[in-house]
Every structure is written in structure tokens, then in C-alpha cells.
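# Geometric and topological summary
Residue strings, one per chain:
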Amino acid sequence: MVRRVAVVGAGVSGLAATKCCLEEGLEPTCFEQSENVGGLWRYTDQAEEDRASIYRTVFTNSCKEMMCFSDFPFPDDHPNYMHNARLQHYICKFAEHFNLLQHIQFKTLVTKVKKRPDFSVTGQWEVVTRRDGKEETAVFDAVMVCSGHHVYPNLPLAEFPGIQKFKGCYLHSREYKEPEKFRGKKVLVIGLGNSGCDIAVELSTVASQVYLSSRSGSWVMSRVWDNGYPWDMLVITRFRTWLGNILPRVLSDWLYVRGMNRFFKHENFGLMPLNRTSRKEPVFNDDLPSRIACGVVVMKPNVKEFRETSVLFQDGTVQDGVDVVVFATGYSYAYPFMEDDSIIKSRDNQVTLYRGILPPRLEKPTMAVIGLVQSLGPTIPTADLQCRWAVKVFQGQCTLPPVSEMMDDIDEKMGKKLKWYGNSTTLQTDYITYMDELASAIGVQPSVLKLLLTDPQLALKVFFGPCTPYQFRLVGPGKWSGARKAILTQWDRTLQATRTRVTPPAPTTFPCLAVLGVLFLPILLLLAVLYC
């Protein structure tokens, strides 16, 4: 029986894991190598070894109502999109509110996780940690890996001929912190992801010229959509997901591309995906189109070759005088503390996890990998629900199918990823579909039909409104009494963040309305006499 659980990492995933274990009566011990919680969102002036690293000006791409812990909303007065320091403060408050700090061992590095000799019977793990140069070994009934996937930079230098003779300097985006030291330089940023776009825009304020290289292009969208509303409050809805599931693929793709074109029409900026029907996830940047329009950021195709002081691109153009190259080429996922990493990477060195969480070939299901999947939706609610599902599996309250069926499910999902994203190894998944899959397995998925009969107002909000995390606290284990109110007031909190000054009332249209009223009053009176 699972009782003691080791949690590796005290970022948002590790905190969610620790809280879920406590709620289910388990005894978690969370190991964190730094001196505070927050993980990725804890900014430091220098990139630290074996830790995620962000630059000073990182803001969230998900709004506060969509990205909060499902039973811990952000304060009403917080902005819809937050600077990393404000999000870090929220994460610390979450840990304090649920008394999680006493279960965390800070400045403690997990160096090894391995099966016990009797694992096939007990499912237990041996966890070796190091603190102040001293190693300790402890036995746990289960392990939750919450170390994230933004730690080990992917720097594919072999794909860039001539980089070794390039006389300028180059770095991975993980090492980038702020723009000042690039003042007056010509900078090439490689990679059109969120980090690449952010860094290119920020550098364009101080560099003499910024070039942004993309191999395949991407959809680039603003955080703010119609009437100033957050994009995800309008897009991530059950209605849209339902519509996408029932429509033929061709029509669904057409609507997707039409929606993208509606909110990003800069076809001449060289940003669009080469395959316009691609389901490639968009990147979010409010300023990139204007920086391109002003000429301070220039879009370029993929690099063909580096020379001593210049760069040759795939289209044959050459850019001279490049001083710095920033590789915004993402991260690889690794688990150096795993004695046998084939437990997680069980096939062709690819991460192979049932429902993106559970190694399917374990004799006992006592390990969970949290926070590894990515979707268009927010990270915190995803990790939170993953933890709730994993703990139920540990306790035997969520029955798993046979190994062969789990592998078939993994293969099916990989096939869909290949079809939708063009890459079967991507961590991408559809947010609402994935969340509902986990929620239904542990009895916390809201039933819209049942709500229509018992609470029609709430049912309409759940189906047509944004799929906020509170929906997964309405029913079942872990039900939160404040979930209904949080859903009914979510737009109030969204709008409050932008109503920071009192504005005069709109100009009256009384004269025009008065004339119309005088003209139509006799008609209305006549109709009242005839039909009453």
C-alpha cells in the first residue's frame, strides 16, 4: 500500500503533487535543490546548473483565470497576464496557504532514483539525495517526478555548418537575461518560439539590427483579442472543442486557419507556417509585427551556413557583420537521477508514458511524471489534474488497463500527433480533451447535461464559457465549495483588472432616440390595443 511519496522538484508541479498527496492522506517528502519554491518561475540573475532559467521580462501567455490552481484563484486586482515576479509571489502564497513548506526539503538534490530489489512485489523505490555534501538514502512507496522539461538546453550545433569558425559569440536562450550587453550589435535569433520572439523584440530596442530566423514559420498571435478580452478566455471553451470534434476534418481545419488568419493577417511578414493547414501551436507576442514593420526585426529563413563574420541563409542571401547568435532552439528532456531512464524513455529513446504520466511497463504503477505534456492550455491546471489522477492510481482507486492496451493507447495518440502536428514525439496535446480524459477517470468531470437539469445558469457557463480550472472542482473527489461562485464571477475578475480608472459615461444619444420614440409610439400603442 502506498503511504510515503517522494516528490522531485518544488515548482508548480511539485507543489501540486505535494498538496494532492496530503489531501489523500499520504505522506509526501518534496526535494528541491534551490532555496525556494517556484521552479521555472523563480528568476535568478544568472542561469544555475540543472535548474530552469528565464529572462527578466518573461510574462505569462495564459491569463489568470485560466492558469490558476483550481481551488486557489488569483486575487481580483491582479492583471490578466502577469510578470514572472508576480506569478512567483502567487506560487509562494499557494505553498503557504496549504501548509506545503513543512513537507519540502530545500537545498537537497536528488542524485539517484532506483527500484528496490523487491520492486515487483512492493513497488518501492530507493531515493538518494545530497545536501551540504552529505548523501542520504530513503525508501519510498511511490515517486512523482516534477523536475520539468526546461532545464537541459537543446543546442543543435551539428545542424549549423561553420558554427565553429564563426568569430562572433553564440549562446542558448537559457543564458539570456536582459538586453543591455547587446547594445549596438547585430544579433541573429534562431527559433520562432515564444522565447525567440520575446528575445528578438526586446533586443530590437538596443541592438543595431535583429534578424529572426525560422525554419518553418509559425502562427503569431496577441494575448489580447476582441474587445480587449484575453485570447484563452475566448478560445479554450467546451463548445469550440465539441464543434471541432463533430465537424469533418477538412471543415475543422478550415475554421482553424480562418481563425488564425482573423487574428494574424501579416502574410507579408514571413511569419506564417509554410503549411497553412498546420495545427502547429501558435506563439504569443504582442509587439513582433510592429517591430518587423519598423524594420528593427528582419525575418530570415533557416541558416544554411555560418562564416567567420557572416551568415548564409537557405534562400541564398548573406548577412554580414553578425556579432551574436542566440539559439532559441528549445530544450531536451532528461532525467539524470534515474538509474534506469528507460523506465521513462522505454521505446527508441522517446518518452513513452500512459496518459502522458505513467510509465506503462512498470510491474507496479508507483511512478508518475508530472508536467511533461504541453498544450495550448495552461500548465498549472494540467499539472494539478495529473497529480490528482496519479495519486488515485497509486491508491488503486483508478484502475489501469493491461500493458498491451496502454501501449496501444500511446501508439494511437502518437499517430494523432503525427497527423495533427507533423511530429509523433511532440509533447503537444489538446487541452480540453486531455483534461476531460483525466477528469472522467477519477470522477471529477462536470456533466453539462446533468447541470442543465439542476443548475442551468452554471451549465451554460461551463459549456459556452472558458474552460477554467474551477470546472474540475465542481464534483467528485476534491470538490471545492467555491468552484461554482468562481465560475459565475470569472468574467468580473477578468474585467476588473482593466478597470483601473473611472471613465465618463458614453455620450447620450437622447435626441435621436427621442425622435424614434415619438415616431414609433403610436404604432406601439396601436399594437397594444389590437393584441390586448
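Residues numbered from 1 in each chain as written. Predicted model: local features only at pLDDT ≥ 70, side-chain atom pairs only at ≥ 80, totals over all residues. Heavy atoms only, no water.

We count it as follows: UniProt positions are given in the numbering used here, feature names are shortened, and annotations may be inferred rather than shown by experiment.
As recorded by an unreviewed UniProt entry, the protein chain carries the name Flavin-containing monooxygenase and is attributed to Calidris pygmaea. One UniProt comment on the protein chain, placed under Cofactor (unreviewed entry), says "FAD". UniProt annotates the protein chain under Sequence similarities (unreviewed entry) with the comment "Belongs to the FMO family."

## Focus: the pattern of salt bridges
Worth spelling out the cut-off: Salt bridge, as applied in this entry: a Lys or Arg side-chain nitrogen positioned within 4 Å of an Asp or Glu carboxyl oxygen. Every helix listed is a DSSP run of H or I at least four residues long, and every strand listed is a run of E at least two residues long, numbered separately from the N terminus. Relative accessible area decides the class of each residue, using a 1.4 Å probe on protein chains only: under 20% of the type maximum gives buried, over 50% gives exposed, and in between gives partly exposed.
The final tally for this structure, using the stated rule, is 28 salt bridges. Residues E126 and K114 are paired through a salt bridge, measuring 3.5 Å at the closest nitrogen-oxygen approach. Of this pair, E126 sits in strand β5 (residues 125-131) while K114 is found in strand β4 (residues 109-115), placing the two residues 12 residues apart along the sequence. When its relative accessible area of 17% is taken as the criterion, E126 is described as buried. When salt bridges that share partners are traced, they join K19, E23, D71, D384 and R473 into one network.

## Quick notes on the packing of helix α10 (residues 379-394) against helix α12 (residues 431-441)
How we decide: Axis definition: a line fit to C-alpha positions, over the contact stretch in the case of helices; interaxial angles, taken between N-to-C directions, run 0 to 180 degrees. Here roughly perpendicular refers to angles of 65 to 115 degrees, roughly parallel to angles under 35, roughly antiparallel to angles over 145, and oblique to all remaining angles. Should the near helix be turned counterclockwise from the far one by less than a right angle, the crossing is left-handed, whereas a clockwise turn marks it as right-handed. Whether two residues are in contact is decided by their heavy atoms, any of which lying within 4.5 Å being enough. Gly counts as polar in this scheme, as do all residues outside two lists: the nonpolar Ala, Val, Leu, Ile, Met, Phe, Trp, Tyr, Cys and Pro, and the charged Asp, Glu, Lys and Arg.
Close contact between α10 and α12 brings their axes to 9 Å; oriented N to C, the two are set at 25°. Between α10 and α12, the interaxial angle falls into the category roughly parallel. Considering only the axes of α10 and α12, their crossing is left-handed. Of the residues in α12, those in contact with P381, T382, L385, Q386 and W389 of α10 are Y431, Y434, M435, L438, A439 and A441. Grouping the constituent residues of the contact of α10 with α12 by class yields nine nonpolar, two polar and no charged.

## Observations regarding the packing of aromatic side chains
What describes a pair of aromatic rings is the distance from one ring centre to the other and the angle between the planes of the rings. Short version of the rule: Ring pairs are drawn from Phe, Tyr and Trp, using the six-membered ring of Trp, whenever the two centres fall within 6.5 Å, and their geometry is named by plane angle: stacked under 30 degrees, edge-to-face over 60, tilted for the rest.
Counting across every chain of the model gives 23 aromatic pairs. For the ring pair F72 and F94, a centre distance of 5.7 Å and an interplane angle of 70° mean the geometry is edge-to-face. Taken as a pair, F72 in the loop between α2 (64-67) and α3 (84-97) and F94 in helix α3 lie far apart in primary sequence, 22 residues in all. Among the residues examined, F72 registers a relative accessible area of 14% and is labelled buried. On the accessibility criterion, F94 (1% relative accessible area) is buried. When the centroid spacing of 5.5 Å and the interplanar angle of 55° are considered together, the rings of F166 and F306 count as tilted.

## Description of the sheet that holds strand β15 (residues 303-306)
Threshold: Any two strands between which DSSP finds at least two bridges are classified as paired.
The antiparallel open sheet is built from three strands, whose spatial order is β15-β16-β17. What marks the edges here is a single partner per strand, and that holds for β15 and β17 (318-320). Averaged over all neighbouring strand pairs, the angle between strand axes comes to 20°, with direction disregarded.

## A few points about the pairing of strand β2 (residues 27-31)
Using the following cut-off: Think of it like this: strands point away, you trace from the first strand over the helix to the second, and a clockwise trace means the crossover is right-handed.
β2 sits mainly inside the fold: four of its five residues count as buried. Where strand β1 (residues 4-8) meets β2, five bridges bridge the pair, whose relative direction is parallel. The partner of V8 across the bridge, within β2, is F31. Regarding topology, helix α1 (residues 12-23) serves as the crossover connection from β1 to the parallel β2, and that connection is right-handed.

## Structural notes on the nonpolar core
Our working definition: For the purposes of this section, nonpolar cores are sets of buried Ala, Val, Leu, Ile, Met, Phe, Trp, Tyr and Cys residues that join through side-chain atoms within 4.5 Å.
Grouped together as the largest cluster of nonpolar side chains are 107 residues, with contacts concentrated most on M144, V189, L288, I370 and W389. With nine residues, α10 is the single largest residue contributor to this core. Residue contacts for W389: discarding those within four places in its chain leaves Y354, R355, I357, L358, C398, L400, L438, A441 and I442.

## Considerations on the sheet that holds strand β11 (residues 209-213)
One open sheet accounts for five strands, arranged β9-β18-β10-β11-β14; its pairing is parallel. What marks the edges here is a single partner per strand, and that holds for β9 (169-172) and β14 (297-300). With strand direction ignored, the average angle separating the axes of adjacent strands in the sheet is 20°. Sitting on the sheet, helix α5 (residues 194-203) touches β10 (186-190), β11, β14 and β18 (324-327), and the angle it makes with β10 is about 170°.

## Notes on the environment of S208
Selection rule: Polar contacts, as counted here, are pairs of nitrogen or oxygen atoms within 3.5 Å of one another; within protein the pair requires one atom able to donate a hydrogen and one able to accept it, and residues that are adjacent in sequence qualify only if both atoms are side-chain atoms.
The residue S208 is located in the loop between α5 and β11 in this model. Looking at S208, the relative accessible area reads 45%, which means it is partly exposed. C-alpha of S208 to C-alpha of F182: the two residues are 26 residues apart in sequence and 8.9 Å apart in space. Within the structure, S208 has its side chain in polar contact with the backbone oxygen of G184 (distance 3.5 Å).

## Focus on the state of the cysteines
Quick reminder of the rule: Any pair of cysteine sulfurs within 2.5 Å is marked as a disulfide.
By the definition in use, this model includes zero disulfides. Just so you know, C146 is unpaired, no disulfide at all, and the nearest cysteine sulfur is the one on C387, 5.4 Å from it. The buried category is assigned to C146, whose relative accessible area is 6%.

## So, the packing of α1 against α10
Closest axis-to-axis distance for the α1/α10 pair is 9 Å, and the angle between their directions is 35°. Taken as a pair, α1 and α10 cross one another with a handedness that is right-handed. Residues V12, S13, A16, A17, C20 and C21 of α1 form the contact with α10, whose own contacting residues are I380, A383, D384, C387, R388 and V391. Residues of the contact of α1 with α10, tallied by class, amount to nine nonpolar, one polar and two charged.

## Examining the pairing of strand β7 (residues 142-145)
Where burial is concerned, the two faces of β7 agree: the one with A142 and M144 and the one with V143 and V145 are both buried. In the sheet, β1 pairs with β7 via four bridges, with the strands oriented parallel. Paired with A6 across the bridge in β7 is V143. Sheet analysis places β7 next to strand β20 (residues 367-369), joined by three bridges and oriented parallel. Looking at β20, one finds that V145 is bridged to V369.

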